[in-house]
Amino acid sequence: MLSFFKDYKYFGIVLLILSIIIVTIMYNILTPKKVLPIYQPSMVNFEMVDSTVQYQSKYHKIADFSMLNQNGDTITQDDYNDKIYVADFFFTTCQTICPIMTDHMVQIQEKIKNDDEVMLLSYSVTPGIDSVAQLKRYALEKGVIDAKWNLVTGDKKQIYELARKSYLAVKTDGNGDAYDMIHTENFMLIDKKRQIRGYYDGTNPDDIEQLLEDIKVLKKHDK
């Protein structure tokens with residue numbers, strides 16, 4: 001009896017390995033891959049979308065922009081070419097949701113700091129207050145890594161148009177005048193084609209975890 005098992009020991013080992021390989025292959029075939037949606041204006045709550053693009057159902061992309069970052073450098077879409085990035089709207093003097101959102105951006109920065117494919121982008125909604133010098137102070141206070149995360153300021157109307165017409169992120173239909181201000185807790189996940197792939201509550205830790213998982217999905221399936 002012992003000799004029988006000895007004779008077939010290697011056969012059994014090979015059979016076990018083959019079984020594991022087959023089961024793994026079948027699992028991968030039968031398990032559906034997660035695919036993130038590509039958000040179009042017509043898919044988003046109409047309150048978040050400017051009326052001029054409200055019914056657009058395809059081809060939506062983030063518009064070109066030109067802003068100054070915390071170092072006084074001009075930042076455009078070219079700086080985000082072939083990058084996945086997380087965007088939000090904030091202001092440095094906010095005492096309500098912005099500190100929570102910024103802390104969560106810092107957490108995301110820590111996770112992606114060695115990943116050349118992923119960056120962060122924060123637009124100030126009070127550019128009259130958030131000068132380059134003010135953004136630099138804020139960046140130093142929060143531990144912003146310049147190569148990963150741009151805090152930008154610029155023309156207020158351009159920022160407002162980006163919020164409503166590109167990122168589809170805010171309910172307030174502001175006109176960008178001196179006394180107007182938009183505010184949103186949304187984080188937006190943007191892919192390498194400048195398409196919106198996810199919305200997340202920047203104050204919610206669970207949403208931040210989901211955002212990090214969705215970045216992995218984009219990196220894996222959206223080459």
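Keep in mind it's a predicted model, so treat the numbers as computed, not measured.

Enquirer: Teacher, can you tell me more about the nonpolar core here?
Expert: Most often, soluble globular proteins keep nonpolar side chains buried together rather than apart. Tyr85, Phe89, Ile108, Tyr123, Tyr167, Phe187 and Leu189 are the most contacted members of the largest nonpolar core, which totals 57 residues. The contact partners of Tyr85, leaving out residues within four places of it in the chain, are Ile62, Gln77, Tyr80, Met119, Leu121, Tyr167, Met188, Leu189 and Ile190.

Enquirer: Explain the side chain of Lys148 to me, please; I cannot follow it from the model alone.
Expert: Summarising the element assignment, Lys148 is placed in the loop between α3 (132-142) and β5 (149-152). Buried Lys148, no salt bridge; nearest opposite-charge side chain is Asp116, N-O distance 5.3 Å. Beyond its immediate sequence surroundings of up to four residues, Lys148 is in contact with Ile112, Lys113, Asp115, Asp116, Val118, Met119 and Leu120.

Enquirer: Help me understand the environment of Val49 in this model?
Expert: By the element assignment, Val49 lies in the loop between α1 (2-30) and β1 (66-68). We classify Val49 as buried; its relative accessible area is 1%. Beyond its immediate stretch of four places on either side in the chain, Val49 contacts Pro41, Val44, Gln54, Arg164 and Leu168.

Enquirer: How should I be thinking about the packing of helix α2 (residues 98-112) against helix α5 (residues 205-221) in this particular structure?
Expert: Helices that pack against each other are described as a pair by the angle of their axes relative to one another and the distance between those axes. The N-to-C vectors of α2 and α5 enclose an angle of 30 degrees; their axes lie 11 Å apart at closest approach. Judged by the inter-axis angle, α2 sits roughly parallel to α5. Taken as a pair, α2 and α5 cross one another with a handedness that is right-handed. Between α2 and α5, the contacting residues are His104, Ile108 and Lys111 on the first element and Pro205, Ile208, Leu211 and Leu212 on the second. Residue composition of the contact of α2 with α5, by class: 5 nonpolar, 1 polar and 1 charged.

Enquirer: Which parts of the structure should I look at to understand the packing of aromatic side chains?
Expert: Summed over the entire model, instances satisfying the criterion amount to 7 aromatic pairs. When the ring of Tyr39 is compared with that of Tyr199, the centres are 5.1 Å apart and the planes differ by 80 degrees; the resulting orientation is edge-to-face. Placement of Tyr39 in the loop between α1 and β1 and of Tyr199 in strand β7 (residues 196-201) is noted, with a sequence separation of 160 residues between them. Looking at Tyr39, the relative accessible area reads 21%, which means it is partly exposed.

Enquirer: Sorry, what's going on with the sheet that holds strand β4 (residues 118-124) here?
Expert: Pairing between sheet strands relies on hydrogen bonds along the backbone, with the strands arranged either parallel or antiparallel. Taken in spatial order, the 5 strands of this open sheet run β5-β4-β3-β6-β7, and their pairing is mixed. Every other strand in the sheet has two partners, leaving β5 and β7 as the edge strands with one partner each. Taken over all neighbouring pairs, the strand axes of this sheet differ in orientation by 20 degrees on average, direction set aside. Two elements, strand β3 (residues 84-90) and β4, share 7 bridges in a ladder whose sense is parallel. Bridge assignment links Val86 to a residue of β4, and that residue is Leu120. Of the strands in this sheet, β3, β4, β5 and β6 (186-190) are in contact with α2, which crosses β4 at around 160 degrees.

Each value, and the rule that gives it
- Here, residues in each chain are numbered from 1, in the same order as that chain's written sequence.
- Side-chain atom pairs in this predicted model are given and counted only at pLDDT of 80 or more, local residue features only at pLDDT of at least 70, and totals for whole chains, interfaces and linings cover all residues.
- Excluded from the side-chain calculations are hydrogens and water; all other atoms, namely the structure's heavy atoms, are used.
- Each nonpolar core is a collection of buried residues, namely Ala, Val, Leu, Ile, Met, Phe, Trp, Tyr and Cys, held together in the definition by side-chain atoms within 4.5 Å.
- The classification of residues rests on relative accessible area computed with a 1.4 Å probe and restricted to protein chains. Under 20% of the type maximum is buried, over 50% is exposed, and intermediate values are partly exposed.
- Residues count as neighbours in contact if any of their non-hydrogen atoms are within 4.5 Å of one another.
- Numbering of helices and strands starts at the N terminus; helices are DSSP runs of H or I of at least 4 residues and strands are runs of E of at least 2.
- Positive charges come from Lys and Arg alone, negative charges from Asp and Glu alone, with His and the N- and C-terminal ends not counted.
- By salt bridge we mean one thing: a side-chain nitrogen of Lys or Arg within 4 Å of a carboxyl oxygen of Asp or Glu.
- Axis definition: a line fit to C-alpha positions, over the contact stretch in the case of helices; interaxial angles, taken between N-to-C directions, run 0 to 180 degrees.
- Roughly parallel here means an angle under 35 degrees, roughly antiparallel means over 145, roughly perpendicular means 65 to 115, and every remaining angle is called oblique.
- The hand of a helix crossing depends on one turn: near helix anticlockwise from the far one by less than a right angle means left-handed, and clockwise means right-handed.
- Three categories are distinguished: nonpolar for Ala, Val, Leu, Ile, Met, Phe, Trp, Tyr, Cys and Pro, charged for Asp, Glu, Lys and Arg, and polar for the others, with Gly belonging to the last.
- Any two of the Phe, Tyr and Trp rings considered here, Trp counted by its six-membered ring, make a pair once their centres fall within 6.5 Å; the pair's planes then place it as stacked at under 30 degrees, edge-to-face at over 60, or tilted in between.
- Strand pairing is assigned whenever DSSP identifies at least 2 bridges connecting the two strands.

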